Every structure is written in structure tokens, then in C-alpha cells.
Amino acid sequence: MEFLLTAERFPASRALELGLLNEIVPEDQLMDKARHWARRINANAPLAVQATKESVLRSLAVDMREGYKIESELATMVFQTEDAKEGPKAFAEKRAPNWQAR
């Protein structure tokens, strides 16, 4: 609230400290780092990533109880997919997962 209501500028190091940033990189490394994060996200089960994003966005405007309900409903849906079985199976077999949903 402090930053929103005062509109004061603050350094990136403070944003990092507050958890508003994942990391600080030199400008010439920015796109490489963005691609790194994109690859990490893309390696995860697409339905799980989509459900996580939806859960966060839908939960922003509701109380905690409703937020947990949204999360539970989406998790139930994701855990009923073939991808939910594929993740642990691939881990046990020490291989990259073959996600069905893309």
C-alpha cells in the first residue's frame, strides 16, 4: 500500500527485497533471462500452469475462503487429467514428462 498510495519511486533492490521481483539482471541479459523463465514455466504441465494462473487471478477479488474454494475446484480438475499421472511417472522413470495437453 505504501508504494501504491504514495507513488514514491524505489530502487529495484527494494522491489527484490519485497518479493515484487524474482531477480535483477543487467539490461543486456534481460531477454536471455526472460527466455530462461519462459522455458522453466513451459516445462511444467500446461493444464497445471493454466489452472494456477486462473486460480491466482480469480482469487484476487475474493476472500480467502472463496480463494481456497477456487483453488480446490481447479486442482480437482487438474488431478483428474492424464498429465497428473504423467508427472510422477516421468519422475520415477527419470525422464522428461510427455504432457498430453498443450
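In short, a report on the structure. (Residues numbered from 1 in each chain as written. Predicted model: local features only at pLDDT ≥ 70, side-chain atom pairs only at ≥ 80, totals over all residues. Heavy atoms only, no water.)

**Topic: helix α5 (residues 64-79)**
- With 16 residues, α5 extends 22 Å from end C-alpha to end C-alpha; this agrees with the ideal 22 Å at 1.5 Å per step.
- Burial in α5 covers these residues: G67, I70, L74 and V78. Viewed end-on, α5 has its buried residues packed into an arc of 70°, placing them on one side of the element. α5 presents R65, Y68 and F79 as exposed residues on the side facing more than 90 degrees away from its buried surface.
- On its buried side, α5 packs onto α4 (46-59) and α6 (82-92).
- With a side-chain oxygen positioned 3.2 Å from the backbone nitrogen of R65, the residue opening α5 is D63. (Helix = DSSP H or I, 4+ residues; strand = E, 2+ residues; numbered from the N terminus. Expected span 1.5 Å × (residues − 1). Buried < 20%, exposed > 50% of the residue type's maximum accessible area, 1.4 Å probe, protein only. Arc of directions from axis to C-beta. Contact = heavy atoms within 4.5 Å. Polar contact = N/O pair within 3.5 Å; in protein donor to acceptor, adjacent residues only side chain to side chain.)

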